[in-house]
Amino acid sequence: MFSRRNFAFLILILCAVTILKLPAVRVRAASSHSPQSSSGDSSAKVCEFAPPGVAFSIPYVSKAQDLNTNPASPTWAHAASTWIEKDCSHQIDYPKLKTEVRAFWTDSDLYLLFISPYTELNLWLPADNSKDRLKLWDRDVVEFFLGDDWQDIMLYREFEIAPTGDWVDLAIDLKKDTYDANWNSGWQPQGRIDEKNHIWYAAARVPLRSVSEKQVQAGTKWRVNLYRIDGLGEDPVRHFMCWQPTCVVNRDPNHVPEHFGPVVFTK
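Residues numbered from 1 in each chain as written. Predicted model: local features only at pLDDT ≥ 70, side-chain atom pairs only at ≥ 80, totals over all residues. Heavy atoms only, no water.

Disulfides are covalent bonds that link the sulfur atoms of two cysteine residues. In the structure shown here, the tally under the stated rule is two disulfides. The disulfide partner of Cys 47 is Cys 247, and the gap between their sulfur atoms is 2.0 Å. Torsion about the S-S bond of the Cys 47 and Cys 247 cystine: about -115°, corresponding to left-handed handedness. In this pair, Cys 47 is assigned in the loop between helix H2 (35–38) and strand E1 (56–58) and Cys 247 in the loop between strand E12 (239–242) and strand E13 (261–265), connecting sequence segments 200 residues apart. For Cys 247, a relative accessible area of 11% puts it in the buried group. Through a disulfide, Cys 88 is tied to Cys 242; the S-S separation comes to 2.0 Å. Between Cys 88 and Cys 242, the disulfide has an S-S torsion of 70° and is therefore right-handed. Taken together, the positions of Cys 88 in the loop between strand E2 (80–84) and strand E3 (99–105) and Cys 242 in strand E12 put the pair 154 residues apart, joining distant regions of the chain. Judged by its relative accessible area of 0%, Cys 88 is buried. Taking only the cysteines that form disulfides and numbering them from first to last, the chain has the pattern 1-4, 2-3. (Disulfide = S-S within 2.5 Å. Helix = DSSP H or I, 4+ residues; strand = E, 2+ residues; numbered from the N terminus. Buried < 20%, exposed > 50% of the residue type's maximum accessible area, 1.4 Å probe, protein only.)

Take the packing of aromatic side chains next. Under the definition given, this model contains 16 aromatic pairs. Summarising the aromatic geometry, the rings of Phe 104 and Tyr 111 are spaced 4.6 Å apart at their centres and angled 10° between planes, so their arrangement reads as stacked. The burial state of Phe 104 is the same as that of Tyr 111; both residues are buried. Ring-pair connections join several aromatic residues into one group, and the members of that group are Phe 114, Phe 144, Phe 159, Trp 167, Trp 183 and Trp 187. Residue placement shows Lys 98 over the ring face of Trp 83; its charged tip is 4.7 Å from the ring centre. Across from the ring centre of Trp 183, 4.5 Å away, lies the NZ or CZ of Arg 157, which sits over that ring. (Phe/Tyr/Trp six-rings, centres within 6.5 Å; stacked < 30°, edge-to-face > 60°. Lys NZ or Arg CZ within 6 Å of the ring centre and 35° of its normal.)

With respect to topology, five strands assemble into an open sheet ordered E2-E3-E4-E10-E9, the strand pairing being antiparallel. Of all strands in the sheet, those with a lone pairing partner are E2 and strand E9 (188–194), marking the two edges. The average undirected angle you get between the axes of adjacent strands in this sheet is 15°. The sheet contact formed by E2 and E3 spans five bridges and is antiparallel. Each bridged residue has a counterpart across the sheet, and for Thr 82 the counterpart in E3 is Val 101. (Pairing = 2+ DSSP bridges. Axes fitted to C-alpha atoms, helices over the stretch in contact; angles between N-to-C directions.)

Shown next as structure tokens:
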């Protein structure tokens with residue numbers, strides 16, 4: 001039987017959780033799929049990150065076709081691919097959500113395509129692609145963080161696209177624990193839902209100059225991580241997936257620039 005003493009203890013726990021405020025660029029509840037809760041024991045081994053992490057080498061294309069969300073189109077014929085398939089501790093596999101990310105670059109832009117199988121969508125409706133949509137991360141979304149500074153790693157850019165094509169781009173400064181929602185990268189985002197095949201797509205064309213003032217050339221390396229957030233309900237029951245493991249406890253599993261990996265521009 002559930003005693004009054006047990007009930008009082010439960011109330012104390014709930015109050016402590018409510019009062020506790022953890023610093024983050026944006027506040028997200030600790031997910032049950034993130035490193036801190038996958039073990040069920042705070043003394044259990046947390047995953048380890050071996051810098052600089054796994055590299056994503058992307059090819060140069062002299063003249064790109066128009067941006068689109070069709071993976072069979074000529075636009076993506078020469079792109080390189082990588083995958084997002086695990087939680088941010090890389091302890092849990094999500095084979096039904098395994099997300100392909102394709103990328104290439106031109107003299108002026110970085111192109112990316114996310115191919116995301118899904119079971120059920122969690123959307124902000126009605127869609128509004130006319131401006132930044134803050135809190136986009138509270139529904140289904142793909143994200144990529146880009147930075148060119150290997151010394152001041154707390155400064156980087158955040159880009160997000162939802163299945164509906166809703167988007168947000170942000171200038172992040174973790175030293176100030178803030179983001180700049182007024183920053184405008186000049187990027188082109190697209191989203192599309194294939195309901196028949198249960199796949200949604202996100203494509204992006206990001207001006208290189210929006211991330212770095214330095215000329216990008218063969219051999220240039222930026223810092224990057226790729227993410228997907230999926231599922232209905234509150235954060236503890238959603239899926240937080242990371243390309244590069246972030247291996248953190250009691251903090252947002254996405255904003256961990258010390259665990260970004262290199263994206264290498266090749267020719």
